[in-house]
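Coordinate inspection notes
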Amino acid sequence: MYNATSGKIAASLLILLISISAAFAQNSDRTKEFDEFRRRANREYSEFRRRANAEYADFMRRAWKEVQPEEGDPVPKSPDPVVLPTADPDRKPTVESLPFDGIVPALKPLPRPRAVEPLEPPAAPALAAQRTLPAIAPPEAGEGEGENDTPAEPTDSPLTLKIGRVAPRLAVQPVQLVQPDAAEKQQEQAQPVEPSPTATAPAPLPTPLPTPLPAIVPASVSDSRPSERKLVRPGTPGTPSFDFTFYNTACALNIDRSFIFALPDVREESVADAWEKLSNTEFAPMVNECLQLRDSLNLCDWGYLRLLKTITESLFGRECNEAVLLQMFILIQSGYKMRIGRSVGRLTLLVPSEEQIYRRRKLTLGGVKHYIYDPKLGKDAFHVFVREFPNERWFSTQVLQPALAVAPSAPRTFSSERYPDMRVTASVNKNLIDYFNDNILQVHWRSYVHSSMSSELKRELFPALRRIVGGKSETEAANMLLNFVQTVFEYRNDQEHFGYERSLFADETFFYPYSDCEDRAILFAVLVRELLKLEVVLLEYPEHLATAVLFSNSVDGDHLTFDNRKFTICDPTNVGADIGMAMDEYKQTNATVVLL
C-alpha cells in the first residue's frame, strides 16, 4: 500500500514538473518574442523620428516667411475705486434678479503632450512589469495630491532610463463642512494655527511695491543652495550628471555633452544644420528625463517652458540663440506645438495658442495667434518657420501649483472684523512667489481660480478655517468667508500697487500687502469651492469683478438665474455686505457670467 501511494505521488510530481517546465519554456519563448518585438519597435521608432526630423530640417533650409508683428492685447482693465466701497450695516438685502448678457464656458484643460512613442500590442500580465519604465516613487503613507495636481501619466517607452524623484510633498485633502474627527483634531493640535500668547500682534506687512515687479532669474548652478526638495538622480554610467536649480529647488539631469553646438548665425542653413546635429544624437533619454522632471515638479506647460529655458541657458548662456533652438528641439520632441522665428539676429520661440494671452506681442499665422516668447522682440519684422511636426499638441494656459522647495515668508496674522475668532496665521513660499512673478501669462481670471493655492498654504489655512465654519449652515459659512476676504486685506488698486493691471494668484494675495477686487473674487471663489464644495461663478462687469454662489437651498437676496439655477451675489470687495447684497451701481449693469 505504501509503495503504491508513493508511486502515485511520484507520478503526480513528475507530471507537475513537466507542466511547470513546459510553462517556463512557453513563457521563455514569449519573453524572447516580446524582446524581439521591442528591438524591432525601437528600430522603427528611431527610424520614424529620424525621418521626421530629417524632413523637418529640409524644410528649415527653405526661405522663412516674413511676418509683421502685432501689439499685445491689453489686460482687461478693472479701474477699481480708489476708496474701498463699504456697505451700510443697517441696510437689508434686496431681492432683485440682476441682468447678464453672456456666459463664458468653463475652461477645459488640454491633455499634456507626450513624446511620440511606438505602439505596442497588449502583453501578458507576467510580462507587463518587464516592459514598464521605473516610475517616480509614489507619495509616502499619509500624503495626498492637491486638487489641481496632475498625476504623471505612465510612460511605456522602449528606452530604459533611471528616473530620480522629487522629495515627498504633502497635499491637503478637500475640506468637507463637517466636524473634524479625532485624528484631525490631533493633527491640528500638533500643528496649531492660532498665534501664541507671545506673538499675538500681526507681523508687519511687506513694503508696498510702487513699480512693476522685477523678473526674478532662477539661481544658477554656481549659487545653488540646499533645498527641502531635491531631485536625486542616479548617474548613468558614462554620462555626467548636470546639476542646476529651478527657483532654489535642486534638480539634476543626465545630459550627454554631444548636445552642445554653436550657431554661426541664424540663417536657415545654419539653423537646419544644428537641427540635424541634434537629431543625430541620442536625444530620447534627455527628452524623457525632461518630461519626468516636468511631472515631478508638477509644472504646467508654461512652467515646463520656463524649466527648459533654465536648463538650456545653464548650458549655453543667457539669451543666446543656441539655448533657444535647443528649447525648441526638446519641446518639439516632447510633443508640443511650437514654432520658431528670428528678428534682428535673434531666435525666439513662437507659442501658438487658441486662448488669448494678454500683454504679449504676437504674429498671426494661418489665422492662429503665435505669441512671441522673448519680450524684447516684436517691434521689427520676423522671419518664421511654421512647419508642423507629427502629433503635436497645443500649449495649455492652465496653471498648476509647482512642487518647489519651500522658503517661507515672515508669518502674517489675518483676522476677520466681524468674526474675531476667524483668525489665522500663515506664511507663503517665496520661491512660489518668484515663480508666479516670472510667469509670462496674463490670462483669463478663471485660470487663477483653477490654480487654487499651494498645498503648503492650505495646510496652514484650511484646518483653522474648517474648524471655524464647521457645523455652520452654508449661508452662515459663506458669510463668514465673505467677511474674512473683505476685511483681512488692505485695499489698493493695481495702478497704485504695481503700476499696471495684474491679477494675483491666491498665494500672492496672502503675500503682497494690498489686493483689489479681482484678487478678492479669485480668493473667495477658491475658498468656497474647496472648503464649502459649492459651485461659484465670476461676474465680469466693465469696471468690477464679483462672484455668485449656487446654494443648496434658495437664499433671499440679489441673484442671477440661468439654466434654471439661482446664483446669489457675493461681493468680496463691498466691505460689510452680506451674501445677496450687490452694489447699487451694478444692479442695472449687464454682467458676463464666467463658469468655473
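Cut-offs used in this document
- Residues numbered from 1 in each chain as written.
- Predicted model: local features only at pLDDT ≥ 70, side-chain atom pairs only at ≥ 80, totals over all residues.
- Heavy atoms only, no water.
- Helix = DSSP H or I, 4+ residues; strand = E, 2+ residues; numbered from the N terminus.
- Buried < 20%, exposed > 50% of the residue type's maximum accessible area, 1.4 Å probe, protein only.
- Contact = heavy atoms within 4.5 Å.
- Salt bridge = Lys/Arg side-chain N within 4 Å of Asp/Glu carboxyl O.
- Pairing = 2+ DSSP bridges.
- Axes fitted to C-alpha atoms, helices over the stretch in contact; angles between N-to-C directions.
- Phe/Tyr/Trp six-rings, centres within 6.5 Å; stacked < 30°, edge-to-face > 60°.
- Core = buried A, V, L, I, M, F, W, Y, C linked by side-chain atoms within 4.5 Å.
- Polar contact = N/O pair within 3.5 Å; in protein donor to acceptor, adjacent residues only side chain to side chain.
- Parallel < 35°, antiparallel > 145°, perpendicular 65-115°, else oblique.
- Left-handed = near helix turned anticlockwise from the far one by under 90°.
- pLDDT = per-residue confidence, 0-100.
- Expected span 1.5 Å × (residues − 1).

1. Some details on the overall build of the protein
- Summing up its helical and strand segments, the protein has 14 helices and 18 strands in all.
- Here the protein, with 596 residues, has 54% of them falling under the buried criterion.
- When contacts within the protein are restricted to residue pairs at least 6 apart in sequence, those whose partners lie at least 24 apart make up 74%.

2. As for the pattern of salt bridges
- In this structure the tally under the stated criterion is 24 salt bridges.
- With a closest N to O distance of 3.3 Å, E268 and R342 form a salt bridge. With a gap of 74 residues between them, E268 in helix α4 (residues 268-279) and R342 in strand β5 (residues 339-343) connect regions that are remote in the sequence. Both residues of the pair, E268 and R342, belong to the buried class.
- We note a salt bridge from K337 to E392, for which the minimum N-O separation is 3.0 Å. Within this pair, whereas K337 is found in the loop between α7 (321-333) and β5, its partner E392 is found in the loop between β9 (382-385) and β10 (412-415), the two being separated by 55 residues in sequence.
- Judged by its relative accessible area of 16%, E392 is buried.

3. A word on the sheet that holds strand β8 (residues 368-372)
- Within the open sheet, the six strands sit side by side as β1-β9-β5-β6-β8-β7. Their pairing is antiparallel. If you trace the sheet from one side to the other, it starts and ends with β1 (65-67) and β7 (362-365), each paired once. Strand-to-strand twist across the sheet, computed as the mean angle between neighbouring axes with direction ignored, equals 35°.
- In this structure, β7 lies alongside β8, joined through four bridges in antiparallel fashion. From the neighbouring strand, T364 faces β8, where its bridge partner is K369.

4. Focus: the packing of aromatic side chains
- In total, this model carries 24 aromatic pairs according to the counting rule given.
- Here F489 and F510 contribute two aromatic rings whose centre-to-centre distance is 5.3 Å and whose plane-to-plane angle is 75°, an arrangement assigned as edge-to-face. Of this pair, F489 sits in the loop between α11 (474-487) and β12 (490-491) while F510 sits in helix α13 (residues 506-511), and the two are 21 residues apart along the sequence. Exposure class is identical for F489 and F510. Each is buried.

5. A few points about the sheet that holds strand β14 (residues 535-541)
- One open sheet holds the six strands; their spatial order is β2-β18-β14-β15-β17-β16, and the pairing between them is mixed. Edge strands, defined here as strands with exactly one partner in the open sheet, are β2 (100-104) and β16 (559-562). In this sheet, neighbouring strand axes are inclined to one another by 30° on average, regardless of whether the strands run parallel or antiparallel.
- On top of the sheet, helix α14 (residues 517-532) reaches β14, β15 (544-550) and β17 (565-570); it is set at about 15° to β15, its chief contact.

6. Things to note about the nonpolar core
- Within the largest apolar cluster, 123 residues are counted, with the highest numbers of intra-cluster contacts made by F246 and I311.
- Formed by 17 residues, the second largest nonpolar core is a distinct cluster that contains A548, L560, A582 and M583.

7. Remarks on the side chain of T249
- Within the secondary structure, T249 is located in strand β4 (residues 249-254).
- Only 2.7 Å separates the side chain of T249 from the backbone nitrogen of A405, close enough to count as a polar contact.

8. Concerning the side chain of S503
- Relative to the assigned elements, S503 resides in the loop between α12 (494-497) and α13.
- Accessibility expressed as a relative area gives 7% for S503, which makes it buried.
- A distance of 2.8 Å separates polar atoms of two side chains, one belonging to S503 and the other to W445.

9. As for the environment of L400
- Mapping L400 onto the fold places it in the loop between β9 and β10.
- For L400, a relative accessible area of 2% translates into the label buried.
- Sequence spacing of L400 and S454 is 54 residues, and the spatial spacing of their C-alpha atoms is 9.2 Å.

10. Some words on the packing of helix α6 (residues 301-316) against α7
- Closest axis-to-axis distance for the α6/α7 pair is 9 Å, and the angle between their directions is 135°. The orientation of α6 relative to α7 falls into the category oblique. Of the two elements, α6 crosses α7, and the hand of that crossing is right-handed. Residues Y304, L305, L308, K309, T312, E313, L315 and F316 of α6 lie in contact with α7, whose contacting residues are E322, A323, L326, Q327, I330 and L331.

11. Observations concerning the confidence of the model for the protein
- On average, residues of the protein score 76 in pLDDT, and 68% of them are at 70 or above.
- Segment residues 116-238: pLDDT under 50, and 255 contacts once partners within four positions in sequence are set aside and those in other chains are kept.

12. So, the environment of Y247
- Within the secondary structure, Y247 is located in the loop between β3 (241-246) and β4.
- Here D438 takes part through its side chain, which lies 2.6 Å from a polar atom of the side chain of Y247.

13. Here's the deal with α14
- Between the first and last C-alpha of α14 there are 21 Å, a value that for 16 residues agrees with the 22 Å anticipated at 1.5 Å per step.
- The buried count for α14 comes to 15 of 16 residues, which makes it a mostly enclosed element.
- In the segment just after α14, K533 is the residue with positive phi, at about 60°.

14. Comments concerning helix α5 (residues 284-296)
- Between the first and last C-alpha of α5 there are 18 Å, a value that for 13 residues agrees with the 18 Å anticipated at 1.5 Å per step.
- Of all the 13 residues making up α5, 12 are buried; the element is thus mostly covered by neighbouring parts of the structure.
- Along α5, the positions that sit buried rather than exposed are A284, M286, V287, N288, E289, C290, L291, Q292, L293, R294, D295 and S296.
- Just beyond α5, the residue with positive phi is N298, at close to 55°.

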